[in-house]
Amino acid sequence: MPSQPVILESKLPLPQIHLPNQRWQIHPQDPEQALRVAQTTQLSPLLAQVLLNRGLATSEAIQFFLEPESQDLPVPLEEFPDLAASLELLETAIRQGDPIAICGDYDADGMTSTALLLRALKALGAKVEYAIPSRMHEGYGINERIVEDFAAEGVKLVLTVDNGIAAYDPIAKARELGLAVIVTDHHDLPPQLPPANAILNPKLLSEGSLYSGLAGVGVAYILAVALAQQMGQTQQLVTPLLELFTLGTIADLAPLIGVNRRWLQRGLKRLPYSEFAGVKALIEVSGSSSSSKQAFKPETIGFRLGPRINAVGRIGDPQTVIELLTTDDTAIARTRAAECELANQQRQQMCREIEQAAIALVEQNTDGTLDPLIHRVLVVVEPDWHHGVIGIVASRLVERYGVPVFIGTYEGETQTSIRGSARSIPEFDVFEALHFCGDLLDRFGGHRAAGGFTLASENLEKLRSRLGEFAHQHLKPEHLKPLVNVDVQAQFADITPELYEQIDRLQPCGIGNPEPVFWSANVKVLDQRIVGQNHLKVTLSQDIQTQEGGGTAFTAIAWRWAEYFPLPERVDVAYRLRENTWNGQTALELELAGARLAERPRAKSPLPQTAEPKAAPSERARVGRSPLLPKIELELKCPEPPAIDLSAIRWHSFNTLEEIAPQLVGNVLLYGYQRPYVSAQILTGELTYDRPRSRCATVLLWTLPPSWTHLRWLLAIAKPDIVCVRNDLPKLPDAKTVRSQLSFEIVKNPDAPINLLDLGQQWWVSPSTLVATLREMKYPCPSFAATASLEQELERLQRWYNCSAQRLAALS
């Protein structure tokens, strides 16, 4: 299609703008003390202020934080009162050949704990088996059914991991049946401890103990290491088990302080060199492997490895993960890792669907029953939501609405009961709230930030009312906005590779030691676009002297911020630093945590001064329309691909990668919306994603490109022999979104040509859809073929994405 100027025939308003409705809490600054810390530690004053924000006020505390190996670590036998008794019970059982059974849990902490002790006890010669209760039918923790099964199988010693501290009746039953019991757990202590032979729980230790932050896998690690030391068999056992400790501790969101910080620094360095077949397969399938073998960061586990483990516990069979982490067979490990990958993809899809449904319920509600600002709490219950993932959705709704969220789903064929999860904000104690509603609930548990509950369906409205009452007692209106904790103000000129490298000295970051969050004032939005349907990618610039751009610029990503598109031209931003590597080039990138309207330029100071939080716009507040545009000319481009012979291509359909992988030979291109990552080990040639760099023998289309023109460009570059089509569907924008996005492109830079192919690929729409939109906006577009209405073009686009391999072969 030719490039032609298109005249705007009527004035076009800019799209309306709104920003996240947040409250910023900026730490008080101490420039003089920060400068002294910076001189002592050789850190940037910005990071010195971060250390002060973390409560590290003395040189000794700072030294132990930066160099945890320099701190004397108490001997576990002296810290845990029942550790000696536990070792004696285990050693006796091993020497006598008595069967030992582990009762684990179905989350990442419980599964890694189970795998760790299975590996350790087998290596030490024990006869050991395990059981994990059914998430769907039994719920959390050891129960009497499991105890009776163990007794019937001749088990003599039971170990609980990541559970058991509140299981008084099941453990009493075990003792009645003649079983010895060791409880290893890290959850809060109940009023009455269970009648176990020994209990290992960091909550029983003195306040301030370096072991107080251990997760369940940490307690299991201490028990395994102490037993190996007592039996004189530590060789090739203690260090590898650090890998499982590291996976479980970070995935369970345990505080990264004390002994956790010390051992995680070791474990994160070891993981890239793992000798465990299952860990290597998990790293591979998650796309976390690297030729540089650099130490992992906690986000590698938190966002790549951990979710794949947790997904199985949420919607699958925990045995998959136990086998993954205990097998030494590479083939089995890869199979189990692939199952984890599939479960994670299913979990992601479930979360998306439930989140979208919950948001629709809240924002389309007209009677006020689901208004989070009225009730100061959100209670959402619907049938057919998988209770294994609703806790994740609850966290996302807290992030969106800034209020405590209680989310549930009906159970059973008659839907007479509800099972739910809760997530909270700092000012609201979930466990206290559930206790306040205790007479309405069948069961509940949890802690300040999260909890679980069940109740009869007939009590739902009473629960909603009671939680609203509790929320009004404990929350003020100013609490009802998502909280962004900000460490220190930085100028873009301060954001350097050297600063990013220095942040490594603060690692591992996570719960108890959050990543530094910087903020910069009055930055200019140079460019912005929606990516992946839900996210916003922005280019930001800051020039302190002129405030007219031309200064330091950074690309920034804002997860799930598509609804805030477009951002205003000037904003204050809060962000974390990330490295982004593409085509061998590594650059710093900002991950946005907050944005608010900029008020005025701020002068640079030697160290950022105290910045008071300012009021954010009200929920869904609009800042008004920008002035109307004058008449302008725009150049539209939609280049045709080179002429190629498509007749020789063989077209096939496929459903799963597993079914087609054995047939793939040579280089392969995998393209499509939310297409999975695939282990390159199953292929004979190079695997490329989305953009072919050279000829590819096979092209796998997870989804079709947005148009026939896009497809021909892809085939012209890849030059494949075979094209396999799956016909997955992208999430298409609605007409309103297309208009808004295209409006912003037009007004953003009216002198630049608009490439319809590029925009179409970004938004997964065809050039004809964009032309239809332009014509609806009174652009004539005379050089382009006739189009239907925008709504009809979107319907046509839906049919295109369902186009079969046979139909595409006919078009060729």
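Refer to the structure above for everything that follows.
Here we summarise the structure given alongside this text.

## Topic: the overall build of the protein chain
(1) Moving on: When its secondary structure is counted, the protein chain shows 27 helices and 26 strands.
(2) Moving on: For the protein chain, the C-alpha atoms occupy an extent of roughly 90 × 65 × 60 Å along the three principal directions.
(3) Moving on: By the burial criterion, 54% of the 812 residues in the protein chain qualify as buried.
(4) Moving on: Relative to all contacts within the protein chain whose residues are 6 or more apart in sequence, the contacts with residues 24 or more apart total 71%.

## Let's talk about the pairing of strand β8 (residues 378-382)
(1) Moving on: Counting buried positions along β8 yields 4 of 5 residues, so the element is predominantly enclosed.
(2) Moving on: The sheet contact formed by β8 and strand β9 (residues 405-411) spans 5 bridges and is parallel. The partner of E382 across the bridge, within β9, is T409.
(3) Moving on: Since β8 and β9 lie parallel, the crossover through helix α17 (residues 390-401) that links them has a hand, and here it is right-handed.

## A word on the packing of aromatic side chains
(1) Moving on: All chains considered together, the criterion is met by 18 aromatic pairs.
(2) Moving on: Relative to F245, the ring of Y221 lies with its centre 5.5 Å away and its plane at 35 degrees, an arrangement referred to as tilted. In this pair, Y221 sits in helix α9 (residues 216-230) while F245 sits in helix α10 (residues 238-251), placing the two residues 24 residues apart along the sequence.
(3) Moving on: Taking the relative accessible area as the measure of exposure, Y221 reaches 4% and is therefore buried.
(4) Moving on: The class for F245 is buried, based on a relative accessible area of 0%.
(5) Moving on: Ring centres 5.3 Å apart and planes at 85 degrees place the aromatic pair F428 and F470 in the edge-to-face group. Taken together, the residues F428 in the loop between β10 (417-423) and α18 (430-436) and F470 in helix α19 (residues 460-474) connect sequence positions 42 residues apart.
(6) Moving on: Here the guanidinium or amino end of R261 rests over the ring plane of F65, the centre of that ring lying 3.7 Å away.
(7) Moving on: Here the basic side chain of R596 rests over the ring of W519, its NZ or CZ set 5.2 Å away from the ring centre.

## Focus: the sheet that holds strand β4 (residues 128-131)
(1) Moving on: Read across the sheet, 5 strands follow the order β4-β3-β5-β6-β7 without closing on themselves; strand pairing throughout is parallel. On the outer flanks of this sheet lie β4 and β7 (198-200), each paired with one strand and no other. The mean inter-strand angle of the sheet, taken between neighbouring strand axes irrespective of direction, is 20 degrees.
(2) Moving on: Sheet analysis places strand β6 (residues 180-184) next to β7, joined by 3 bridges and oriented parallel. Counted as the bridge partner of I182 is A198 from β7.

## Side note on unusual backbone geometry
(1) Moving on: Of note, the amide linkage connecting Q507 to P508 takes the cis form, showing an omega dihedral of 0 degrees.
(2) Moving on: Among the secondary structure elements, P508 is positioned in the loop between α20 (497-503) and β15 (518-531).
(3) Moving on: With an omega of -5 degrees, the peptide bond running from F565 to P566 counts as cis.
(4) Moving on: Within the element layout of this structure, P566 appears in the loop between β17 (552-558) and β18 (570-582).
(5) Moving on: Positive phi, close to 60 degrees, is recorded for D162, a residue that is not glycine.
(6) Moving on: Position of D162 among the secondary structure elements: in the loop between β5 (157-161) and α8 (168-176).
(7) Moving on: Here the phi dihedral of R376 falls at roughly 65 degrees; this positive angle occurs in a residue that is not glycine.

What counts and how
Residues numbered from 1 in each chain as written. Predicted model: local features only at pLDDT ≥ 70, side-chain atom pairs only at ≥ 80, totals over all residues. Heavy atoms only, no water. Helix = DSSP H or I, 4+ residues; strand = E, 2+ residues; numbered from the N terminus. Buried < 20%, exposed > 50% of the residue type's maximum accessible area, 1.4 Å probe, protein only. Contact = heavy atoms within 4.5 Å. Pairing = 2+ DSSP bridges. Right-handed = clockwise from strand over helix to strand, strands pointing away. Phe/Tyr/Trp six-rings, centres within 6.5 Å; stacked < 30°, edge-to-face > 60°. Lys NZ or Arg CZ within 6 Å of the ring centre and 35° of its normal. Axes fitted to C-alpha atoms, helices over the stretch in contact; angles between N-to-C directions.

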